[in-house]
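# Report on the structure
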Amino acid sequence: MTSIAERIAVVQSRIGLACEFSGRDPRDVQLLAISKGQPVEAIREAAAAGQRAFGENYLVEALVKIEALRELELEWHFTGPIQSNKTRRLAEHFAWAHSVDRLKVAERLSEQRAAGAPSLNICIQVNISGEKSKAGVAPQETEALCRAVAALPRLKLRGLMVIPAPSADKDAQRNAYAATRALYLDLLEAGLTLDTLSMGMSADLDSAIAEGATIVRVGTDIFGPRQE
Ligand SMILES: *Cc1c(COP(=O)(O)O)cnc(C)c1O
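Residues numbered from 1 in each chain as written. Predicted model: local features only at pLDDT ≥ 70, side-chain atom pairs only at ≥ 80, totals over all residues. Heavy atoms only, no water.

### A few points about the overall build of the protein
Rules: Counting from the N terminus, the helices are the DSSP runs of H or I reaching at least four residues and the strands are the DSSP runs of E reaching at least two. C-alpha atoms define the radius of gyration in this analysis, and the globule rule sets the expected value at 2.2 Å times the number of residues to the power 0.38. For every residue, the accessible area obtained with a 1.4 Å probe (protein chains only) is divided by the maximum for its type, and the residue is called buried under 20%, exposed over 50%, and partly exposed between those limits. For accessible areas, the Shrake-Rupley method is used with a probe of radius 1.4 Å. Any residue's cover is judged against the shown protein chains and nothing else.
On a plain count of helices and strands, the protein comes out with 9 helices and 8 strands. Its C-alpha atoms give the protein a radius of gyration of 17 Å, within 12% of the compact-globule value 17 Å for 228 residues. When its C-alpha atoms are laid out on the principal axes, the protein stretches across 50 × 40 × 30 Å. A buried classification covers 49% of the 228 residues belonging to the protein. Only carbon and sulfur atoms are counted for the fraction: they give 52% of the accessible area of the protein, which is about 10,900 Å².

### Some remarks on the pairing of strand β1 (residues 30–34)
Applicable threshold: Strand pairing is assigned whenever DSSP identifies at least 2 bridges connecting the two strands. Look down the strands so they point away from you; if the path from the first strand over the helix to the second goes clockwise, the crossover is right-handed.
Most of β1 sits out of view: 4 of its 5 residues are buried. As paired strands, β1 and strand β8 (residues 215–218) are joined by 4 bridges and run parallel to one another. Directly across from L31, in β8, lies its bridge partner V216. Looking at chain direction, β1 and strand β2 (residues 53–56) are connected through 2 bridges and run parallel. Bridge pairing links I34 to G55 in β2. Regarding topology, helix α2 (residues 40–48) serves as the crossover connection from β1 to the parallel β2, and that connection is right-handed.

### Observations concerning helix α6 (residues 142–150)
Spelled out, the test is: Note that the arc is defined by the directions from the helix axis to the C-beta atoms. Only heavy atoms matter for contacts: two residues are in contact if any of them lie within 4.5 Å across the pair.
The complete set of buried residues in α6 reads T142, L145, C146 and V149. Along α6, the residues classed as buried sweep out an arc of 100° about the axis, all on the same side. In the core, the buried residues of α6 are packed alongside α5 (103–112), β5 (120–125), β6 (155–161) and α7 (170–189).

Here it is, written out as structure tokens:
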């Protein structure tokens, strides 16, 4: 069996290759290890291999791990659906929220973030493939939401996050990421200050990097199958 450290090294070299291929600096692409469904020991192992940023999707599960690993001072990112009645502990314990898709959630996070804490970094989740039952704001409503979030105290709007419709077709994947990049560039053009495109997972991080991803979110390729 391959160790987590070896798997992280493989993912890092994939990131390096994808960057080389598209003429990008690998320092501009951050690896976020998605540890949902994984035990505390697996996170410890990844941390020992130098991984600092971890993403979790379920608040209750995440809080147990954050508490158990407190002394490691890891950087925690929330990447799952956010229920508006469960924002407080997210605001208290995370450095980033990638999945904000409505103003009400952002307002609550802003109110509940401690005044002395660093700003909570925010990505707006966009429903880029226009799936009916999918989380995320519609592309045409993204600018208005970004402007409203950027105006809130104690939050720092960083960029966009997408989870495109799953597809084995490389072109379809690439098109969804290209559409995200185009939207991002429109927002910059419109005067918003953004520096983050959170996109790409185990199966398709290469396509995402080719389209400008600055954070890739990788679970399975680091930790193996989840215990869910
Ligand atoms: C589970 C998950 C990932 C990681 O997916 P893998 O295919 O295991 O790499 C990335 N982002 C989000 C939002 C997820 O829920």
